There are 2 protein chains.
Amino acid sequence: MRNHDWSSALSEWQATLGSPAVVTEPHQLTAAATTTFSTSQVVPAILRPASREQVQECLRIANRHGIALYPVSSGKNWGYGSSVPARTGSVLLDLSRMNRIVDFSEELAYVTVEPGVTQEQLHAYLIENKSGLWMDATGSSPRASLIGNTMERGFGHTPYGDHFAHACGMEVVLPTGECIETGYRRFPKAQTGALHRWGVGPSLDGLFSQSSFGVVTRMSIWLMPKPAHFQAFFFRCDHEWQLGPVIAALNRLRLDGTLRSTVHVGNDYKVLSGLQQYPWDETGGQTPLTTAAIAEFRRKRQFGIWNGSGGLYGTRAQVREARRLLRAALAGKVTRLTFLDDRRLALLRRYARPLRLLSGWDLSQTLTMLEPVYGLLQGTPTDRPLASAYWRKRGPIPAAMDPDRDGCGLLWLAPILPADGRDVTRARAAVEEILLAAGFEPMISLTLINGRAIACVISISYDRALPGEDSRAMACYLQLADRMHGLGYYSYRLGIQSMAEMETPESYLAFLQTIKNALDPRGVLAPGRYEPARRARGAS
Amino acid sequence: MRNHDWSSALSEWQATLGSPAVVTEPHQLTAAATTTFSTSQVVPAILRPASREQVQECLRIANRHGIALYPVSSGKNWGYGSSVPARTGSVLLDLSRMNRIVDFSEELAYVTVEPGVTQEQLHAYLIENKSGLWMDATGSSPRASLIGNTMERGFGHTPYGDHFAHACGMEVVLPTGECIETGYRRFPKAQTGALHRWGVGPSLDGLFSQSSFGVVTRMSIWLMPKPAHFQAFFFRCDHEWQLGPVIAALNRLRLDGTLRSTVHVGNDYKVLSGLQQYPWDETGGQTPLTTAAIAEFRRKRQFGIWNGSGGLYGTRAQVREARRLLRAALAGKVTRLTFLDDRRLALLRRYARPLRLLSGWDLSQTLTMLEPVYGLLQGTPTDRPLASAYWRKRGPIPAAMDPDRDGCGLLWLAPILPADGRDVTRARAAVEEILLAAGFEPMISLTLINGRAIACVISISYDRALPGEDSRAMACYLQLADRMHGLGYYSYRLGIQSMAEMETPESYLAFLQTIKNALDPRGVLAPGRYEPARRARGAS
């Protein structure tokens, strides 16, 4: 890029968007280039378009001057790079001002949104409109973008937990600035743009997810009717051997339709990180938290080696039958299985204090653990899980959390495993071995996403303020990724540091490159994003 | 194409495949170019590769000589063009010899197949292996290809009725002869190629469905665990006004998860065409069958203006609760609602004869109507619906049906409607008006595919042997398509005669063309297939 191009581009963007929407203030640029792990990317400017037309014009200008743009919706891509572009020098295209809910149907159960619409915004909208519909929410952040998460193929907790499988009718600005609409939405008169995923002819939505082929500026998201009755279930396993049989049993119920929603199972370290920060006092400042120490926490704070949660949705009789089947399936495989609904939750809340006074059992701890999950199972966003990003930080967690700003170290690796006990056990052993050896706690969550596969999310949580931790964490991440790929467990989603990491055959690389060259001849849109390297790193 | 190219290509194909696999015998070429409506395409040769490598080589040869290839799996694309290529002069790439079931997992409930594997072949395989899994089947033909139907995004009757939503891990030969695998299957070590639909990075499967971008030579298909209990339900409406409320009520149950499978609703003409051929005697040879005449058949043969079917799957209690909810939802909206399970079916079969003798009620007629549907709801393929292609033929239906060979006239138009009563009623009125005026019976089936949309399949059934009928039927088809598109109801799938018919915006056309040029620079793969025209025909 020549200097002349840069200054021309800047003034053209300013003319298009207005000066306040073209950010070059150094502090803001530094903030935008900061995430929860070490990066070297420089962000030279941030563009904040307010409309699809402005997005198109931004791209046309980028093409004229050969300058890369990197779109983010809300930039809350925690653990994977937040708002930092995959390649240095990319101008950030921040879509958060485009935050309109443009269409909503109670009857046919969908909403059409722009990329700036957040989880909490849609949640508030549904309440405000006294809607009988539930959204699905991820545990990431209430301020996360719905479109951003869907295009990263994120998942949540309800029967609509596979976000990408419940979205359609996209408006996409192509790298050249052209705009298309997918599915039936391409037809101006279509009545079914929000109602059907494939449309007619090649189905294009997949092409724009986890890619650098377009900027999604509008999308329809399906919503679920609030069931007549809802119950959450929680279970814990106190023995490691229980994990395999439990996964197999749960998966069977996912497959046969008894469990309609994703089921989440977290290990002890994962649970503890959701309850409190690192126990610096109890450990005398030693890290990592040993297996002996975590065992003590399990006893004291009453959770298991593995801890599961899920929802039962339907009429009273449907829920009752699901409960019966779940009980039968988990009998002898879990240490404890409990059910929770609104009535029982109110009761527990009322008696938590007297119970503690009488018996010494601190129920409020349990409630602290359960309530955010209980909400997520009904599509209520929460920022509780985000607090775990502060796990290794010494100070208290601030009221307005911002892990990027606060030097929280967080790297997520999310391999997909076959939904069977053997693979889960094998993956767990590898995680524990590698993370503990590197000085980090092996925090694992397992999500039964579709009856056949499990999304395993591993968090490497650390304090960026400590010298050397950034590189130790990254080395650990790379080692773990290698091991997982060696075992045949490949990530469902990638952080900006690892877009190129997987051993991809030459023909596949060539295919992606052909598409990229055709759609983005000047290579201005999100270079490096989900772009496998030509020479893969050697996997074990 | 120069003559020289043609003879070189032919001998290269012969060298690659062996002479018997390169068909140029005129009768076979004519048969391959014949479908259930008028076409002018000429098929100059048929290639019958036996392996993926041979498919690759066929394409490389096609590229060298600039000759178009048109892939078909089994060529049973009835009503949409059978095995006839979209463009004349295309050499048929017949994949039916590639018919291996290459992988199967009872535990994780999937099968991996080649394009020649038919519905009946997989069904037999599951029985042979004493599998506890069910496939999904379309009503089209037991000899229809699983991959062919899935890539056309066809649908069936069970909870896995949306075929494209239950398939993944494709092996695709690109137009240039290169080969890629999609999803996790691209990684040689992946354990999850058959278990997860998106993989990592851009998700490509959609691109290869209803397109000319690749030849799918292998695919994993998900299978459903046979439920502990199964019941079918059947209902009829004797009044036209019932349709809207019934659709709304059923859709609500689809949306809330009570009805897990697609629900099919057919009108009176559709049902009659499944029971018998055109009543030439009763009508004195007059066509079309008047509304008065069809009313008489409804009375005599005991079906409704609208007739629905669906399945209830689960444990005994789950099925019982679904039945209760269905009854409540349809109360007052249907004339009759009945349930059928294996026990009841056996009973009916036993008493059909004595009952007829005693009461005169011919139960066997009802059974004839119900049994194929009862099987389809459990994933058992049937060729019964195919018999309706002989509706207007004068002679008897042959034991080995072949509608192409036998001069059956059949054109299908399949618009997607919003799942509400108003749209369904509006579409139905348009179909009835246009088809009856053109001299054809308005046969309609409505399938509640996803809780938000309905696939409306309209058959124009006629006798190709009658002079002028081919062009009358096609004119009627075009008029109907125009009307539907004018109402905003666009097809989910297209016949070879109508690939270019929809008014598509310029930017979308350009996008498709860009991809096509990039992947198929010489334009040799399936030219014209799902390729919208640059200038659309004017819609109303």
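So, how was this worked out
- Residues numbered from 1 in each chain as written.
- Chains lettered and ligands numbered in written order.
- Predicted model: local features only at pLDDT ≥ 70, side-chain atom pairs only at ≥ 80, totals over all residues.
- Heavy atoms only, no water.
- Helix = DSSP H or I, 4+ residues; strand = E, 2+ residues; numbered from the N terminus.
- Rg over C-alpha atoms; globule rule 2.2 N^0.38 Å.
- Buried < 20%, exposed > 50% of the residue type's maximum accessible area, 1.4 Å probe, protein only.
- Contact = heavy atoms within 4.5 Å.
- Least-squares fit on C-alpha atoms with pLDDT ≥ 70 in both.
- Domains from an automatic or database assignment.
- Buried area = accessible area lost by both parts, 1.4 Å probe.
- Polar contact = N/O pair within 3.5 Å; in protein donor to acceptor, adjacent residues only side chain to side chain.
- Nonpolar A, V, L, I, M, F, W, Y, C, P; charged D, E, K, R; others polar.
- Salt bridge = Lys/Arg side-chain N within 4 Å of Asp/Glu carboxyl O.
- Axes fitted to C-alpha atoms, helices over the stretch in contact; angles between N-to-C directions.
- Parallel < 35°, antiparallel > 145°, perpendicular 65-115°, else oblique.
- Left-handed = near helix turned anticlockwise from the far one by under 90°.
- Phe/Tyr/Trp six-rings, centres within 6.5 Å; stacked < 30°, edge-to-face > 60°.
- Lys NZ or Arg CZ within 6 Å of the ring centre and 35° of its normal.
- Pairing = 2+ DSSP bridges.
- Core = buried A, V, L, I, M, F, W, Y, C linked by side-chain atoms within 4.5 Å.
- Arc of directions from axis to C-beta.
- Expected span 1.5 Å × (residues − 1).

> What exactly am I supposed to notice about the overall build of chain A here?
Secondary structure assignment for chain A yields 16 helices and 19 strands. Relative to the 2.2 N^0.38 estimate, which gives 24 Å for 540 residues, the radius of gyration of chain A is 23 Å and therefore close to what a compact globule would have. With respect to the three principal axes, the spread of C-alpha positions in chain A is 75 × 55 × 45 Å. Looking at chain A as a whole, 64% of its 540 residues qualify as buried. Partitioning the intrachain contacts of chain A with sequence separation of at least 6 by distance along the chain shows that 74% fall at a separation of at least 24.

> Is there a simple way to explain the relation of the copies chain B and chain A in this structure?
For the pair of chain copies, the relating operation is a rotation around an axis with a shift along it. Between chain B and chain A, which share one sequence, the superposing operator has a rotation angle of 180° and an axial displacement of 0.0 Å; the RMSD is 0.0 Å. One copy is carried onto the other by what is essentially a two-fold rotation axis. Most of the interface of chain B is mirrored in chain A: 100% of its interface residues are interface residues there too.

> Looking at this structure, I do not really get the environment of Thr425(A). What am I missing?
Residues and elements named next belong to chain A. Along the polypeptide, Thr-425 turns up in helix H14 (residues 421-438). A relative accessible area of 39% places Thr-425 in the partly exposed class. Taking the C-alpha atoms as reference, Thr-425 lies 7.4 Å from Leu-243; in sequence the two are 182 residues apart.

> Is there a simple way to think about the domain arrangement of chain A in this case?
You'll often see interface size given as the accessible area lost when the parts meet. Residue and element names in this part refer to chain A. For chain A, the assigned domains read domain 1 (3-94), domain 2 (101-225) and domain 3 (229-487). Measuring from the centre of the C-alpha atoms in domain 2 to the corresponding centre in domain 3 gives 28 Å. Listed per partner, the contact involves 20 residues of domain 2 and 21 residues of domain 3. Counting the surface domain 2 buries against domain 3, the share from its top three residues, Trp-134, Phe-155 and His-157, is 39%. The interface formed by domain 2 and domain 3 includes 6 residue pairs in polar contact (both at pLDDT 80 or more). Counted by class, the side of domain 2 that touches domain 3 contains 7 nonpolar, 10 polar and 3 charged residues.

> So what exactly am I meant to see when it comes to the pattern of salt bridges here?
Residue and element names in this part refer to chain B. As enumerated under the stated definition, the model contains 51 salt bridges over all chains in all. Between Arg-392 and Glu-469 there is a salt bridge; the shortest N-O distance is 3.9 Å. Of this pair, Arg-392 sits in the loop between helix H14 (384-387) and strand S16 (408-413) while Glu-469 sits in helix H16 (residues 469-486), and the two are 77 residues apart along the sequence. Under the relative-accessibility criterion, Arg-392 is labelled buried at 3%.

> In this structure, what is going on with the packing of helix H1 (residues 3-17) of chain B against helix H3 (residues 52-65) of chain B? I would like to understand it.
A pair of packed helices can be characterised by two numbers: the angle between their axes and the separation between those axes. All names here are of chain B. At a closest axis distance of 10 Å, the pairing of H1 and H3 adopts a crossing angle of 165°. Considering their axes alone, H1 and H3 lie roughly antiparallel with respect to each other. Of the two elements, H1 crosses H3, and the hand of that crossing is right-handed. Contacts from Asp-5, Ser-8, Ala-9, Glu-12, Trp-13, Thr-16 and Leu-17 in H1 reach Gln-54, Glu-57, Cys-58, Ile-61, Ala-62, Arg-64 and His-65 in H3. For the contact of H1 with H3, the per-class residue count stands at 6 nonpolar, 4 polar and 4 charged.

> Where do I start with the packing of aromatic side chains in this structure?
Aromatic rings considered in pairs are described by the distance between their centres and by the relative angle of their planes. Within the structure shown, the criterion is met by 28 aromatic pairs over all chains. A ring pair is formed by Trp6(B) and Trp13(B), whose centres lie 6.2 Å apart and whose planes are at 75°; its orientation type is edge-to-face. No difference in accessibility class separates Trp6(B) from Trp13(B), as the two residues are buried. Between Tyr278(B) and Trp280(B) the ring centres are 4.5 Å apart and the planes differ by 50°, which places this aromatic pair in the tilted class. Tyr278(B) sits in the buried class, given a relative accessible area of 3%. Among the residues examined, Trp280(B) registers a relative accessible area of 13% and is labelled buried. Through a chain of ring-to-ring contacts, the aromatic side chains of Trp134(A), Phe230(A), Tyr313(A) and Tyr374(A) assemble into a single cluster. The positively charged end of Lys300(A) is found above the aromatic ring belonging to Phe297(A), 4.6 Å away from the centroid.

> Looking at this structure, how should I read the interface of chain B and chain A?
In this complex, chain B contributes 88 residues to the contact, which on the side of chain A involves 88 residues. Roughly 7,100 Å² is buried in total at the junction of chain B and chain A, and carbon and sulfur atoms are behind 62% of that figure. Among the salt bridges present, the one from Lys189(B) reaches Glu503(A), with a minimum N-O distance of 4.0 Å. At the junction of chain B and chain A, the tally comes to 40 residue pairs in polar contact (both at pLDDT 80 or more). Those elements that place two or more of their residues in the side of chain B that touches chain A are strand S9 (179-181), helix H6 (205-208), helix H7 (243-255), helix H11 (316-330), strand S17 (416-418), H16 and helix H17 (506-519) of chain B. Top contributing element to the side of chain B that touches chain A by residue count: H17(B), with 8 residues. Of the residues in the side of chain B that touches chain A, the class split is 48 nonpolar, 24 polar and 16 charged.

> Would you take a moment to explain the sheet that holds strand S8 (residues 167-173) of chain B for this structure?
Adjacent strands of a sheet form backbone hydrogen bonds with each other and so pair up, either parallel or antiparallel. All names here are of chain B. Pairing within the open sheet is antiparallel, and its 5 strands lie in the order S5-S6-S10-S8-S9. What marks the edges here is a single partner per strand, and that holds for strand S5 (101-105) and S9. Taken over all neighbouring pairs, the strand axes of this sheet differ in orientation by 10° on average, direction set aside. As defined by bridge partners, S5 adjoins strand S6 (residues 110-113) across 4 bridges and the pair is classed as antiparallel.

> Would you mind showing me how to read the pairing of S6(B) here?
In the case of a regular strand, side chains alternate between the two sheet surfaces. All names here are of chain B. Here S6 shows a buried face lined by Tyr-110 and Thr-112 and a second buried face lined by Val-111 and Val-113. As judged from the 4 bridges shared by S6 and strand S10 (residues 215-222), these two strands associate in the antiparallel manner. In the strand pairing of S10, Tyr-110 is matched with Trp-222.

> Which parts of the structure should I look at to understand the nonpolar core?
Soluble globular proteins tend to pack their nonpolar side chains together in the buried interior. The biggest cluster of nonpolar side chains holds 328 residues, and the ones touching the most others in it are Trp13(A), Phe208(A), Leu446(A), Trp13(B), Phe208(B) and Leu446(B). Among all residues touching Leu446(B), those that are not within four sequence positions of it are Leu243(B), Ile247(B), Val263(B), His264(B), Val265(B), Trp306(B), Leu417(B), Val424(B), Ile454(B), Ala455(B) and Cys456(B). If you look at the next biggest cluster of nonpolar residues, it comprises 14 residues, including Leu272(A), Leu289(A), Ala293(A) and Trp391(A).

> Help me out: how do you make sense of the side chain of Gln276(A) in this one?
Residue and element names in this part refer to chain A. The topology assignment puts Gln-276 in the loop between helix H8 (268-275) and helix H9 (280-283). Within the local environment of Gln-276, its side chain forms a polar contact with the side chain of Arg-301, the two groups lying 2.6 Å apart. Residue contacts for Gln-276: discarding those within four places in its chain leaves Phe-297, Arg-301 and Trp-391.

> Whenever I open this one, the sheet that holds strand S2 (residues 46-47) of chain B confuses me. Can you help?
Residues and elements named next belong to chain B. Spatially, 4 strands are ordered S1-S2-S4-S3 in an open sheet, and the strand pairing comes out mixed. In this open sheet, the two edge strands, each paired with only one partner strand, are strand S1 (22-23) and strand S3 (69-72). Alignment of S3 against strand S4 (residues 91-94), held across 4 bridges, turns out to be parallel. From the neighbouring strand, Leu-69 faces S4, where its bridge partner is Val-91. This element, H3, spans S2, S3 and S4 of the sheet and lies at about 160° to S3.

> How should helix H10 (residues 291-301) of chain B be read in this particular structure?
Because each turn of an α-helix spans 3.6 residues, side chains separated by three or four positions in sequence point in the same direction. Residue and element names in this part refer to chain B. Within H10 the residues assigned to the buried category are Ile-294, Phe-297, Arg-298 and Arg-301. One face of H10 carries all of its buried residues, which in axial projection span an arc of 105°. Of the residues in H10, the exposed ones pointing more than 90 degrees away from the buried face are Ala-292 and Arg-299. Against helix H8 (268-275), helix H9 (280-283) and helix H13 (363-376) lie the buried residues of H10.

> Any chance you could explain helix H15 (residues 469-486) of chain A here in plain terms?
All names here are of chain A. In a regular helix each residue adds 1.5 Å, so 18 residues correspond to 26 Å; H15 covers 25 Å between its end C-alpha atoms and thus fits that length. Burial in H15 covers these residues: Glu-469, Asp-470, Ala-473, Met-474, Cys-476, Tyr-477, Leu-480, Ala-481, Asp-482, Met-484 and His-485. Where H15 is buried, its residues contact strand S16 (408-413), H14 and strand S19 (453-463). In the segment just after H15, Gly-488 is the residue with positive phi, at about 90°.

> When you look at the environment of Asp342(A) in this model, what are you seeing that I'm missing?
Secondary-structure assignment places Asp342(A) in helix H12 (residues 342-359). Looking at Asp342(A), its side chain comes within polar contact range of the side chain of Tyr374(A), at 2.5 Å.

> Explain the packing of H8(B) against H10(B) to me, please; I cannot follow it from the model alone.
Residues and elements named next belong to chain B. Where H8 contacts H10, the two axes come as close as 10 Å, and the packing angle between them is 60°. Relative to H10, the element H8 lies oblique. H8 and H10 meet at a crossing whose hand is left-handed. Judged by residue contacts, Asp-268, Tyr-269, Leu-272 and Leu-275 of H8 engage Thr-291, Ile-294, Phe-297, Arg-298 and Arg-301 from H10. Split into classes, the residues belonging to the contact of H8 with H10 amount to 5 nonpolar, 1 polar and 3 charged.

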